[in-house]
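Below are the chains, spelled out letter by letter.
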Amino acid sequence: MSKSNTIPTAGPDFEHLLAQEVVIEAGTAEGPSGAQRIEPDHSPRTPHGGAAPAPALLPGADLQREVEQFLYLQAELLDAKQWQAWMDLFDAQGVYWMPVERSQTEWEGSPSIFAEDKLLMEIRKGRVTHPNAWSQAPMWETNHLVSHVAIESASEQQIQVRSRFHMMELRRDTVRHFGGSYRHTLVRDAAGALRIRLQRVDLFNGQAPFDYVLQIWV
Amino acid sequence: MNLKPLVEPDRVHKSVYTDPKIFDLEMEKIWERTWVYCGHESQVKNPGDYHALTIGRQPMVMVRQKDGSVQVLYNRCPHRGVQLVGNLKGNTGSAFVCSYHAWSFHLDGKVRAIPLAAGYEGTRLTRDNPDCSMKRAARVDSYRGFVFASLASEGESLRDFLGEARIAFDDMCDRSPVGEVEVVPICHRVVQHSNWKFFMENQLDSLHPSVTHQSTGISAGRVEKRLKAEQGSAPLYYHYLSTFASSFEQWDAVQTINFPRGHGILKAYMGLRPQDPDTLAHEALLKQAYGEQKAEEYLSRSIHHVLVYPYLSVQSPLQQLRCLRPISPDKTLSEIWHFRLKGAPEAIYRRSLWYYNLVNSPATMINADDLENWTKGQWGLQSNGGDWVSFHRHFGDDRVEAGVTYSNHGTSEAVMRNQFRAWSTYMSAA
């Protein structure tokens, strides 16, 4: 409640009014206030939220470290532009997928930023290493950081692991940042080494306009 | 500003790509007068669904009305100018409400309520004062579900503006047995660091693919060939990429058709009518819906791109389009959309999706090299190393019939010459 019901009106001799004080106490009005009073159903907000992340397993330290080292290697091979060695981390049916939105669940039949099996990876590798790949002429480098490695499930056949990445890219004189989440489905090859069945990359800033494009896997 | 000396029939002055004053004039005389693409009706399905966009320099919002029609409004509160929707898309309920002082508006922009409205009694801000409501685009119209708006109250109709380029939307929709498409509700947005004209010229430039896209064409061709040797065939999408590496002579055989107002067509070259079971099933549906003769007419149109000058490139056989929203002389936002043919087999959608993912996505193996060219092009044109941009190729050798310019050679720069004829007409208007 205000101390005075009349709001003072400023006039030519307003100085004396400064002595009077009006105090509107917060939240005491009956019913809704602000825009809600005008339009009770209106909300400008975009839907948000999502499921809480699944708790990480605490597997044996050996598995945790093996998976972490594997994910670090994946990122380091990209930074080192060792395309074939990077592709070799994938299982024969391996897929690299960067969907547009988190809600997407299928890599095929879905609008994607990347959706590549090993044959398409081979085309991309062939393209960026071709002498006349014009967009490859400018100096460029990337630097990945991988963290938050959480194994969600692990069986003899398959390991589900999520992690976060941050990639800085230098191209000519410009630095760009790409961040997001990896979700790896890992399997083991005949020799028992980890291989990628699916590398899902949810780009945190994939909905923002791309300043130029992505030429290579993130 | 006298622009006449800047555009000659076979060359143009570099400043039309670089001068901020000319860019401002383009926004005023072209974008803010002519019909500009806003979006597809299926982007705003339910009343209150909106999509924000720009027409020239104007922030607009396309919104579905309660009566089912689509309206395009300035995204601006008439009170203090605050933008009314703060997101690219969403649903605003039954009203727009300003976040500053809670002025509210019906979906058609008319004022609905203002807090303590008695405060306006006796002032000239009355409910029927146009300054009390959101301003609307002067004209809104649609063609086969594609919504356009014009900020000028006078001028030619949408049908006349589109002219022969209407085929872009006819060709896309006629491939659906019910004659309609529906948007895939995802928009890729890529910023090009170049003047919008680079994109429009490039779309029908048949000399560049085998140079610019050689790396991808060759790499894809190698895998495609191996697959064919190993298993007898390769999916069509390898061919999407490998055709880019065709020879100069092959490209020279792909004709362009150049219409008044700068619109144009690049004829088909990708062999997008294979005779596999999916295509045949789709064709059977069309024959059922339209009859043998009509369906055949629809399916045998030779189109790769249709350009709606100055901002739209439509790939109707692959159901996708790219729309330009210029930002500054050297910065252009492109919006990339894909559509589904209503009633057509899923396989047809998936086939075109490969093109969307491989060629038009932000990880494109094709446009990466285009964008690199245009960026360097923009930098080059800003230099004093020369004043003119050359469009002399096959000048004087094109066939003109009833205002339509047919290139005798696919690589003719008739495309650019035609676009600048339209540009000059727009820019010289009072």
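In what follows, the accompanying structure is described. (Residues numbered from 1 in each chain as written. Chains lettered and ligands numbered in written order. Predicted model: local features only at pLDDT ≥ 70, side-chain atom pairs only at ≥ 80, totals over all residues. Heavy atoms only, no water.)

**Re the pairing of strand E20 (residues 331–341) of chain B**
Residues and elements named next belong to chain B. In terms of burial, E20 is largely enclosed, as nine of its 11 residues are buried. Here three bridges tie strand E13 (residues 181–183) to E20, and the two strands are oriented antiparallel to one another. When the sheet's bridge partners are listed, valine 181 is paired in E20 with leucine 341. Two elements, strand E14 (residues 188–192) and E20, share five bridges in a ladder whose sense is antiparallel. By the bridge assignment, arginine 189 is partnered in E20 with glutamate 335. Taken together, the eight bridges between strand E19 (residues 320–328) and E20 define a ladder with antiparallel strand orientation. Among the inter-strand pairings, serine 328 is bridged to a residue of E20, identified as lysine 331. The hairpin formed by E19 and E20 contains two residues between the paired strands. (Buried < 20%, exposed > 50% of the residue type's maximum accessible area, 1.4 Å probe, protein only. Helix = DSSP H or I, 4+ residues; strand = E, 2+ residues; numbered from the N terminus. Pairing = 2+ DSSP bridges.)

**Quick notes on the environment of glycine 50 of chain A**
Inspection of the secondary structure assignment puts glycine 50 of chain A in the loop between helix H1 (34–38) and helix H2 (61–79). Sequence spacing of glycine 50 of chain A and arginine 127 of chain A is 77 residues, and the spatial spacing of their C-alpha atoms is 38 Å.

**Description of helix H4 (residues 118–129) of chain A**
Along its 12 residues, H4 of chain A runs 16 Å from first to last C-alpha, staying within 8% of the 16 Å computed at 1.5 Å per residue. Burial in H4 of chain A covers these residues: Leu120, Met121, Ile123, Arg124, Gly126, Arg127 and Val128 of chain A. (Expected span 1.5 Å × (residues − 1).)

**With respect to the environment of asparagine 143 of chain A**
All names here are of chain A. Tracing the chain through its elements places asparagine 143 in strand E3 (residues 140–154). For the pair asparagine 143 and alanine 56, spaced 87 residues apart in the sequence, the C-alpha separation amounts to 26 Å. Those residues in contact with asparagine 143, other than ones at most four positions away along the chain, are Asp79, His166, Met167 and Met168. (Contact = heavy atoms within 4.5 Å.)

**Description of the interface of chain A and chain B**
Each partner contributes to the interface: chain A provides 44 residues, whereas chain B provides 54 residues. Applying the counting rule to chain A against chain B returns five salt bridges. When the shortest N-O distance is used, the salt bridge between glutamate 372 of chain B and arginine 172 of chain A registers 2.4 Å. Taken together, chain A and chain B are joined by 23 residue pairs in polar contact (both at pLDDT 80 or more). Within the residue set of the side of chain A that touches chain B, elements represented by two or more residues are H1, strand E2 (112–116), H4 and strand E7 (210–211) of chain A. If one sorts the elements of the side of chain A that touches chain B by residue count, H4 of chain A sits on top with seven residues. The residue makeup of the side of chain A that touches chain B, split by class, is 20 nonpolar, 14 polar and 10 charged. The sheet contact formed by E7 of chain A and E14 of chain B spans two bridges and is parallel. Following the sheet pairing, phenylalanine 210 of chain A is matched in E14 of chain B by valine 190 of chain B. (Salt bridge = Lys/Arg side-chain N within 4 Å of Asp/Glu carboxyl O. Polar contact = N/O pair within 3.5 Å; in protein donor to acceptor, adjacent residues only side chain to side chain. Nonpolar A, V, L, I, M, F, W, Y, C, P; charged D, E, K, R; others polar.)

**Let's talk about the sheet that holds strand E7 (residues 89–91) of chain B**
Residue and element names in this part refer to chain B. Here we have four strands laid out as an open sheet, ordered E6-E5-E4-E7, and antiparallel in their pairing. Two strands lie at the open edges of the sheet, namely strand E6 (70–74) and E7, each paired on one side alone. Between one strand axis and the next, the sheet turns through 30° on average, direction left out of account. Strand direction decides the pairing type here: strand E5 (residues 58–64) and E6, joined by five bridges, are antiparallel. (Axes fitted to C-alpha atoms, helices over the stretch in contact; angles between N-to-C directions.)

**Looking at H2 of chain A**
All names here are of chain A. An ideal rise of 1.5 Å per residue puts 27 Å on 19 residues; H2 measures up with 27 Å between its terminal C-alpha atoms. If you check which residues of H2 are buried, you get Leu63, Gln64, Val67, Glu68, Phe70, Leu71, Gln74, Ala75, Leu77, Leu78 and Asp79. Taken together, the buried residues of H2 touch helix H3 (83–87), E3, strand E4 (159–171), strand E5 (174–188) and strand E6 (194–203). Lysine 81 sits one or two positions beyond H2 and adopts a positive phi of about 55°.

**Some points on the pattern of salt bridges**
Side-chain pairs of opposite charge can arise where the charged atoms are in close proximity. All names here are of chain B. Here the structure, examined in full by the defined rule, presents 41 salt bridges over all chains. The salt bridge partner of arginine 226 is glutamate 230, with a shortest N-O separation of 3.7 Å. In this pair, arginine 226 and glutamate 230 both sit in helix H7 (residues 214–231), four residues apart, roughly one turn of the helix. Across the salt bridge formed by arginine 351 and aspartate 276, the nearest N and O atoms sit 2.9 Å from each other. Residue arginine 351 is found in helix H12 (residues 346–360), and its partner aspartate 276 is found in the loop between strand E16 (264–266) and helix H10 (277–290); the two are separated by 75 residues along the sequence. With a relative accessible area of 17%, arginine 351 lands in the buried category. Bridged by salt links that share partners, the residues Arg144, Asp170, Asp171, Asp174, Arg175 and Arg301 form one connected network.

**Overview of unusual backbone geometry**
Residues and elements named next belong to chain B. Between tyrosine 309 and proline 310 the backbone carries a cis peptide bond, its omega angle lying at 10°. Locating proline 310 in the fold gives a position in the loop between strand E17 (305–308) and strand E18 (312–315). With a phi close to 60°, alanine 102 is a non-glycine residue in the positive phi region. Looking at the element boundaries, alanine 102 is found in the loop between strand E8 (96–97) and strand E9 (104–105). One non-glycine residue, arginine 261, adopts positive backbone phi at about 70°. With respect to the helices, strands and loops of the structure, arginine 261 is situated in the loop between strand E15 (256–258) and E16.

**Digging into the sheet that holds strand E21 (residues 388–390) of chain B**
Residue and element names in this part refer to chain B. The three strands lie next to each other as E1-E2-E21, forming an open sheet whose pairing is antiparallel. The open sheet terminates on both sides in strands that have one partner only, identified here as strand E1 (7–8) and E21. With three bridges joining them, strand E2 (residues 11–13) and E21 adopt antiparallel strand pairing. Bridge assignment links arginine 11 to a residue of E21, and that residue is serine 390.

**Some details on the nonpolar core**
All names here are of chain B. Grouped together as the largest cluster of nonpolar side chains are 156 residues, with contacts concentrated most on Tyr311 and Trp423. Top element by residues in this core is H12. It accounts for eight residues. In this structure, tryptophan 423 is in contact with Leu3, Val7, Val16, Ile22, Glu26, Ile30, Trp196, Lys197 and Tyr309, ignoring residues within four places of it in sequence. If you look at the next biggest cluster of nonpolar residues, it comprises 17 residues, including Val61, Leu84, Leu107 and Met134. (Core = buried A, V, L, I, M, F, W, Y, C linked by side-chain atoms within 4.5 Å.)

**Brief notes about the packing of helix H5 (residues 196–203) of chain B against helix H13 (residues 367–381) of chain B**
Residue and element names in this part refer to chain B. Here H5 crosses H13 at 130°, and the two axes come no closer than 10 Å. Taken together, the axes of H5 and H13 are oblique relative to one another. Of the two possible hands of crossing, H5 and H13 adopt the one that is right-handed. Touching Phe198, Phe199 and Asn202 of H5 are Asp370, Trp374, Gly377, Gln378 and Leu381, all from H13. (Parallel < 35°, antiparallel > 145°, perpendicular 65-115°, else oblique. Left-handed = near helix turned anticlockwise from the far one by under 90°.)

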